[in-house]
Amino acid sequence: MPTIDTKTALLNSAENAARRLGFDGFSYADLAQDVGIRKASIHHHFPSKATLAVAVMQRYHTNFQEICAKIDASNDTGGAQLADLIQQYKTGSDDGKRICLCASFSASRDSLPAEVIEEISQFRAMVVKWMTAAFEKGRADGSISGVTHPAFEAASAMSLMEGAQLAARAEENPTLFETATTLLMARIAA
C-alpha cells in the first residue's frame, strides 16, 4: 500500500477534523497525534493554523471543481447534473457525521483569518456559478421544473444542501438530508 507524504496526511487530517468539529474544534496537537508526528513538525509545513486552513480550503476547492467537471461529463441534462451534485453533498455528509468544509468553516467565521474567509467566498461562488449553469440547462431542456431565475435557484439550492447537511449532522441522522432535499429532487425529471 502506498504511503502518503506528511503534508498530505496533515491536510487529510485537518480536513476531516474541520468537517467534523469546525475550525475551532481541532488543534495542531490533535493533528500531530492523528498523523503521528511532533506538533513542532507541523509548523514546518504550515507555519500557522491560518496557512493550514487556506491550504485545506484550496485543495477542497480544486477537488470540488474536478467533481463538477465529472458531473458535467457524465450527465446530459441539467436535472441529472443537479441530482448528481445533491448526491455528492449527501455522500459527503458521511451519514450525518460530517458537513461540507465550507459550511463547517463558516460556522467559525469570527475565528477565521481573512484569507480563509476569502477562500470560502471563492468556493461558494464557484459552486453557485456551476449550479446556475445546471439550472439554466435544466430550464432549457425541461429536466428541472419551475425554474424562473437560475442564479437565485442556485443560491437557494446551495443553502438548502448546506442546511440539510447541518440538520443531518445535528442528529447524526442521514434521512434528514433526504427529507430536506425532497422538494428540490421532486422538481427534477427522471
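Procedures and definitions
- Residues numbered from 1 in each chain as written.
- Predicted model: local features only at pLDDT ≥ 70, side-chain atom pairs only at ≥ 80, totals over all residues.
- Heavy atoms only, no water.
- Core = buried A, V, L, I, M, F, W, Y, C linked by side-chain atoms within 4.5 Å.
- Buried < 20%, exposed > 50% of the residue type's maximum accessible area, 1.4 Å probe, protein only.
- Helix = DSSP H or I, 4+ residues; strand = E, 2+ residues; numbered from the N terminus.
- Contact = heavy atoms within 4.5 Å.
- Axes fitted to C-alpha atoms, helices over the stretch in contact; angles between N-to-C directions.
- Parallel < 35°, antiparallel > 145°, perpendicular 65-115°, else oblique.
- Nonpolar A, V, L, I, M, F, W, Y, C, P; charged D, E, K, R; others polar.
- Salt bridge = Lys/Arg side-chain N within 4 Å of Asp/Glu carboxyl O.
- Arc of directions from axis to C-beta.

### Focus: the nonpolar core
Line of reasoning, step 1. Counting residues in each nonpolar core, the largest one holds 55 residues, and the members touching the most others are Leu52, Leu85, Tyr89, Phe105, Phe123, Met131 and Phe135.
Line of reasoning, step 2. Listed by contribution, the elements that provide at least two residues to this core are α1 (6-21), α2 (28-35), α4 (49-74), α5 (78-92), α6 (101-106), α7 (114-141), α8 (150-171) and α9 (175-186).
Line of reasoning, step 3. Residue contributions to this core peak at 11 residues, all from α7.
Line of reasoning, step 4. Those residues within four positions of Leu52 in sequence are excluded, and the remaining contacts are Leu11, Ala14, Phe26, Tyr28, Leu31 and Phe46.

### Description of the packing of α1 against α4
Line of reasoning, step 1. Contact geometry for α1 and α4: axes closest at 10 Å, N-to-C directions at 85 degrees. Here α1 lies roughly perpendicular to α4, going by the angle between them. Listed contacts from α4 to Thr8, Leu11, Asn12, Ala14, Glu15 and Arg19 of α1 are Leu52, Ala55, Val56, Arg59 and Tyr60.
Line of reasoning, step 2. Here the contact of α1 with α4 is built from residues that sort into six nonpolar, two polar and three charged.

### Remarks on the environment of Ala103
Line of reasoning, step 1. Relative to the assigned elements, Ala103 resides in helix α6.
Line of reasoning, step 2. What makes Ala103 buried here is its relative accessible area of 10%.
Line of reasoning, step 3. When the C-alpha positions of Ala103 and Ala18 are compared, they lie 9.9 Å apart, and in sequence the two are 85 residues distant.

### Some points on the pattern of salt bridges
Line of reasoning, step 1. All chains considered together, the criterion is met by six salt bridges.
Line of reasoning, step 2. For the salt bridge of Lys90 with Glu178, the shortest nitrogen-to-oxygen distance reads 2.5 Å. Of the two residues, Lys90 sits in helix α5 while Glu178 sits in helix α9, which places them 88 residues apart along the sequence.
Line of reasoning, step 3. Residue Lys90 is classed as partly exposed on the basis of its relative accessible area, which comes to 26%.
Line of reasoning, step 4. A salt bridge links Arg169 to Glu172; its shortest N-O distance comes to 3.6 Å.
Line of reasoning, step 5. Residue classification places Arg169 among the partly exposed positions, given a relative accessible area of 25%.
Line of reasoning, step 6. Note on Glu172: relative accessible area 47%, which makes it partly exposed.
Line of reasoning, step 7. One salt-bridge network, held together by shared partners, links Glu15, Arg19 and Arg59.

### Observations regarding α2
Line of reasoning, step 1. Here α2 has its buried residues at Tyr28, Leu31 and Ala32. Looking down the long axis of α2, one finds its buried residues gathered within 100 degrees of arc, a one-sided arrangement. For α2, the exposed residues lying more than 90 degrees away from the buried face are Gln33 and Asp34.
Line of reasoning, step 2. Turning to α2, the residues buried within the fold contact α1, α3 (39-45) and α4.
Line of reasoning, step 3. Positive backbone phi, approximately 85 degrees, marks Gly36, located one or two places after α2.

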